[in-house]
Amino acid sequence: MKAITDWNKDDKRIGIAADHGGFELKKEISATLTAQGYEVLDYGPTVFDPLDDYSDFGVGLARAVSFGELERGILLCRSGVGMGICANRFHNVRGALCFNEKIASACRAHNSANVLVIPADYVTKEEIEKIITAWLGGSFEGGRHMARLEKAEKLSYDDI
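Residues numbered from 1 in each chain as written. Predicted model: local features only at pLDDT ≥ 70, side-chain atom pairs only at ≥ 80, totals over all residues. Heavy atoms only, no water.

Draft legend 1. Seen up close, the overall build of the chain. Of the regular secondary structure elements, the chain holds six helices and five strands. Along the chain, from the amino end to the carboxyl end, the secondary structure elements read β-α-β-α-β-α-β-α-β-α-α. At 15 Å, the chain has a C-alpha radius of gyration in line with the 15 Å of a compact globule built from 160 residues. The principal-axis extent of the C-alpha atoms belonging to the chain is close to 40 × 35 × 25 Å. Looking at the chain residue by residue over its 160 residues, the buried ones come to 46%. Accessible surface computed for the chain: about 8300 Å², of which carbon and sulfur atoms make up 53%. When the 19 basic and 24 acidic side-chain charges of the chain are each reduced to a single mean position, those positions are 6 Å apart. (Helix = DSSP H or I, 4+ residues; strand = E, 2+ residues; numbered from the N terminus. Rg over C-alpha atoms; globule rule 2.2 N^0.38 Å. Buried < 20%, exposed > 50% of the residue type's maximum accessible area, 1.4 Å probe, protein only. Areas by Shrake-Rupley, 256 points an atom, 1.4 Å probe, with all protein chains shown as cover. Lys, Arg positive; Asp, Glu negative; His and termini not counted. Charge placed at Lys NZ, Arg CZ, Asp CG, Glu CD.)

Draft legend 2. Broad picture of the side chain of D11. You can see D11 is positioned in the segment before β1 (13-18). By relative accessible area, D11 is classed as buried at 14%. Residue contacts for D11: discarding those within four places in its chain leaves E71 and R72. (Contact = heavy atoms within 4.5 Å.)

Draft legend 3. A look at the nonpolar core. Counting residues in each nonpolar core, the largest one holds 25 residues, and the members touching the most others are I29, I74, I118, I132 and W135. Elements with a minimum of two residues in this core: β1, α1 (23-35), β3 (73-77), α4 (101-111), β5 (115-119) and α5 (125-137). No other element matches α5, which puts six residues into this core. Leave out the neighbours within four places in its chain, and I29 touches I16, I74, L76, I118, I128 and I132. (Core = buried A, V, L, I, M, F, W, Y, C linked by side-chain atoms within 4.5 Å.)

Draft legend 4. Molecular detail of the environment of R89. Along the chain, the position of R89 falls in the loop between α3 (81-87) and β4 (95-97). Separated by 23 residues in the primary sequence, R89 and S66 have C-alpha atoms spaced 9.7 Å apart.

Draft legend 5. Up close: the sheet that holds β1. Spatially, the five strands line up as an open sheet ordered β2-β1-β3-β5-β4, and their pairing is parallel. Since the sheet does not close on itself, it has two edges, and those belong to β2 (39-42) and β4, each with one partner. In this sheet, neighbouring strand axes are inclined to one another by 25° on average, regardless of whether the strands run parallel or antiparallel. Here β1 pairs with β3 via four bridges, running parallel. Paired with A17 across the strands is L75, a residue of β3. Strand contacts of α5: β1, β3 and β5, with the helix running at about 165° to β5, the strand carrying the most contacts. (Pairing = 2+ DSSP bridges. Axes fitted to C-alpha atoms, helices over the stretch in contact; angles between N-to-C directions.)

Any link to function would need more than the numbers given here.
And the structure:
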């Protein structure tokens, strides 16, 4: 098991992926993050296809976080549930479905969430901005939360 740590906030790289339901938002979020000095790594899609599947793009980003190629990433789909399921199938990935800024702060403080999952159909652009700001600006508290995360990591995965 890889040690659970907070992200290195000096690493300005961030991954992003969506399915058709988050495609347009992904472009807007990428532009905003780039303007804020982040290097945005796009895990797709690059063209809109109303028949694409969230798993085709969520898995690539989650794998990169799992293997330590990225510290963090953002996933978007209509409900956020599919992308969240994809993300949390990987070791060392703690994907959190956030639909408001309070949850985004808590997922960083209590869960060291390294993948933010946004439900594109259920939040406004203004809310998304606040969610991302809270998530990026937060810090992991450690302590009792660390013990809980370590326990979950040890008890929930089998190495196939």
